[in-house]
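Each chain is listed here by its residues.
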Amino acid sequence: MKGKVYLVGAGPGDYKLLTLKGLECIKKADVIVYDRLANSNYLKEAKSNCEFIYVGKASSNHALPQDDINRVIADKAKEGKIVTRLKGGDPYVFGRGGEEGEVLVSEGIDFEVVPGITSAIGGLCYAGIPITHRDYASSFHVITGHLRDDDKENEELNWNALANNKGTLVFLMGVANLKKISDNLIKEGKDKDTPVALISWATRYNQRVVTSTLENVYETALRENVKPPTLIAVGEVVGLREKLNFFENKPLFGKSIMVTRSRTQSSSLVEKIADLGGNPIEIPTIKIEKIENSTELENEIKNIKEYTYLVLTSKNGVDIFFDKLDEMGLDSRSLSNLKVCAIGSATAKAIKTRGINADIVPKKFVAEYLYEELKPILNENDKVLMPRAKNARDFLVNKISEICEVKEVHTYETVVDTSKQEEVLDVLNQDDINYITFASSSTVSNFVEIIGNENIHKLENIKVISIGPVTSATAKELNINVYKESEEATIDSMINTIIEDRD
Ligand code: SAH
């Protein structure tokens, strides 16, 4: 087996600013070597047995010296592994990707580079600054601000040329040398009133931008306590920020929101928060446990020809059912005599990936709507199979059994995931959490069970958003103050409640 190394640009930070090819390399990696600027959420996309190696900061003080990084990458590849080296931005823009590539070539190791969106361009963009513009800048220059003390860098950089062209200047790794940079530019003739933007943690929810002029920028940075990673953008294009600042104007920009739902259900809320510019922090309070060692489902599948309807109510239910079919050496053809019903579009989608288009998908994601659709078409000769969660509501089973035979098989249950206590408390101990959402009564009680009564006071400075009256009542019983309740019991309404609360 031959190893291979992918040098992958992880983009500037916004989770979705990664190339399809980059994502593919993350998914197939046996080893991922990453540093501080690569969004660590990408690691969740890796294989479950993937090894992660953190090699520390991208700027001056490396947690691991470059030679050691090169060594690790090369050695892992020589063991026959697929190594994905994740680097912030683009690997060849001050990422030392070139050096890593040279080492790999000299050792005969197969490698590929996947370019990424560099912070030098993408970071400015999210700060509302186009790096070029017909009226203001016809070129741009990306410069290292990591200057040496021995004046050697000053020879390397032609300050006179930089000061005297009209293009946009972008300094990376420059915060520590801001004074030197601005002094040099002014000394060589750049207008001291040239606008400057300092963009920290660009494209992330905690992006912070301060603007100034070349003359005052050093003082501004001290006053505003600007820290790396920061981009220094110099040029007239900085002025466009007022108009083009789409990112910071997003409705949830700068808000950190804890989302307490089971991992399998929360993705739509998490994704919506991120798309609206917020920082979703997912807290898995529930986990799904398959009911093992039960032959019940197998028995019903053996008798599947007796049934006329199959009702599936969740993606988990679909996965467990079809995996069992597969395990028994069967496939979707054995369901050909059945009508298949799905509650929820995610459920229908999961069924589709198993090669079946659900016959009935009620408009709303609730049992009542499915019952309304089934009531007129079912008769006493029908027989309905419902493989689903142990703790599910009785409504559907009770109502259908008034018409015909219905067999409920418990294939999984949701249980409180108390293993997460430490992780959840760590999040609560950060002081910048703005909201916490509860989308059902059980998530409130599960949450309290996980953190423990003695830690409820940690919610004091966090605004609690409840999805509706039932959830709010449970919260009150458990001594949690609900800040606001959403108008309708939907995820979208819950998000609107937060948006309307802004300022
Ligand atoms: N290869 C990277 C740059 C690596 S050098 C790229 O193409 O973006 C590291 C420097 O990049 C930091 O010191 C900082 O100046 C800049 N940088 C990278 N990501 C940044 C971000 N999200 N916000 C602000 N600056 C960033």
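Look above for the structure.
Honestly, the overall build of the protein chain in this entry has me stumped. Any pointers?
For the protein chain, the count of helices and strands is 19 helices and 20 strands. Principal axes of the C-alpha set define a box for the protein chain whose edges measure 90 × 55 × 50 Å. Among the 503 residues that make up the protein chain, the fraction classed as buried is 49%. For the protein chain, long-range pairs separated by at least 24 residues make up 68% of all intrachain contacts whose partners lie at least 6 apart in sequence. Within the structure as shown, the protein chain displays about 24800 Å² of accessible surface, and the carbon and sulfur contribution to it stands at 47%. Each charge sign in the protein chain was given a centre, from 63 positive and 76 negative side chains, and these centres are 2 Å apart.

Hey, could you run me through the packing of helix α2 (residues 66-78) against helix α3 (residues 97-106) in this one?
The axes of two packed helices give the description: the angle between them and the distance between them. Running from N to C, α2 and α3 cross one another at 45°; their axes reach a closest spacing of 10 Å. The orientation of α2 relative to α3 falls into the category oblique. For α2 against α3, the interelement crossing comes out right-handed. Judged by residue contacts, Q66, I69, N70, I73 and A74 of α2 engage E99, E100, V103 and L104 from α3. In the contact of α2 with α3, the residues fall into five nonpolar, two polar and two charged.

How should I be thinking about a negative patch on the surface in this particular structure?
On the surface, D191, D193, E215 and E236 cluster together into a patch of negative charge. A relative accessible area of 48% places D191 in the partly exposed class.

Could you clarify how one ought to interpret the site of the ligand in this entry?
Residues in close proximity to the ligand total 17 residues, the closest being V93, T118, S119, A202 and T230. At a separation of 2.8 Å, a nitrogen atom of the ligand approaches a polar backbone atom of D90. Contact between the ligand and V93: a nitrogen atom at 2.7 Å from a main-chain N or O atom of the residue. Here the residues of the shell around the ligand are counted per class, giving 11 nonpolar, five polar and one charged. Both domains that furnish three or more residues to the shell around the ligand are identified here as domain 1 (4-117) and domain 2 (121-248).

Mind showing me how you'd approach the environment of G108 here?
Tracing the backbone through its elements, the reader meets G108 in the loop between α3 and β5 (111-114). Its relative accessible area of 60% is what places G108 among the exposed residues. Taking the C-alpha atoms as reference points, G108 and R388, 280 residues apart in sequence, are found 54 Å from one another.

I would appreciate a short explanation of the sheet that holds strand β16 (residues 383-389) in the present structure.
Strand pairs in the sheet, formed through backbone hydrogen bonds, run parallel or antiparallel to each other. In space, the five strands of this open sheet follow the order β13-β17-β16-β14-β15, with mixed pairing throughout. The outermost strands of the open sheet, each flanked by one partner alone, are β13 (286-290) and β15 (339-342). Adjacent strand axes in the sheet meet at a mean angle of 25° when their direction is disregarded. Pairing analysis gives seven bridges linking β16 to strand β17 (residues 405-416), with the strands arranged parallel. In the strand pairing of β17, R388 is matched with H410.

Got a minute to help me understand helix α18 (residues 469-477) in this structure?
Since one α-helical turn is 3.6 residues long, residues separated by three or four positions face the same way. What α18 keeps buried is the set T471, S472, T474 and A475. Each buried residue of α18 lies within a common arc of 160° when the element is viewed along its axis, so the set occupies one face. Exposed residues lying more than 90 degrees from the buried face of α18 are P469, V470, K476 and E477. Residues of α18 that are buried sit in contact with β18 (435-438), α17 (441-451), β19 (463-466) and β20 (484-485). Within two residues after α18, N479 carries a phi angle of roughly 65°, on the positive side.

In this structure, what is going on with the packing of aromatic side chains? I would like to understand it.
Each aromatic ring pair is specified by the distance between its two centres and by the angle formed by the two planes. Going through the model one piece at a time under the given rule, you end up with nine aromatic pairs. Geometrically, the ring pair formed by Y15 and Y42 is stacked, given 5.0 Å between the ring centres and 25° between the ring planes. Within this pair, whereas Y15 is found in the loop between β1 (4-9) and α1 (20-28), its partner Y42 is found in the loop between β2 (31-34) and β3 (51-54), the two being separated by 27 residues in sequence. Y15 sits in the partly exposed class, given a relative accessible area of 33%. With a relative accessible area of 1%, Y42 lands in the buried category. Look at Y126 and F247: their rings are 4.6 Å apart centre to centre, the planes differ by 45°, and that puts the pair in the tilted class.

The rules we used
Residues numbered from 1 in each chain as written. Predicted model: local features only at pLDDT ≥ 70, side-chain atom pairs only at ≥ 80, totals over all residues. Heavy atoms only, no water. Helix = DSSP H or I, 4+ residues; strand = E, 2+ residues; numbered from the N terminus. Buried < 20%, exposed > 50% of the residue type's maximum accessible area, 1.4 Å probe, protein only. Contact = heavy atoms within 4.5 Å. Areas by Shrake-Rupley, 256 points an atom, 1.4 Å probe, with all protein chains shown as cover. Lys, Arg positive; Asp, Glu negative; His and termini not counted. Charge placed at Lys NZ, Arg CZ, Asp CG, Glu CD. Axes fitted to C-alpha atoms, helices over the stretch in contact; angles between N-to-C directions. Parallel < 35°, antiparallel > 145°, perpendicular 65-115°, else oblique. Left-handed = near helix turned anticlockwise from the far one by under 90°. Nonpolar A, V, L, I, M, F, W, Y, C, P; charged D, E, K, R; others polar. Patch = residues over 30% accessible without salt bridge, like charges linked within 9 Å, V, L, I, M, F, W, Y side chains within 5 Å. Salt bridge = Lys/Arg side-chain N within 4 Å of Asp/Glu carboxyl O. Near = heavy atom within 4 Å. Polar contact = N/O pair within 3.5 Å; in protein donor to acceptor, adjacent residues only side chain to side chain. Domains from an automatic or database assignment. Pairing = 2+ DSSP bridges. Arc of directions from axis to C-beta. Phe/Tyr/Trp six-rings, centres within 6.5 Å; stacked < 30°, edge-to-face > 60°.

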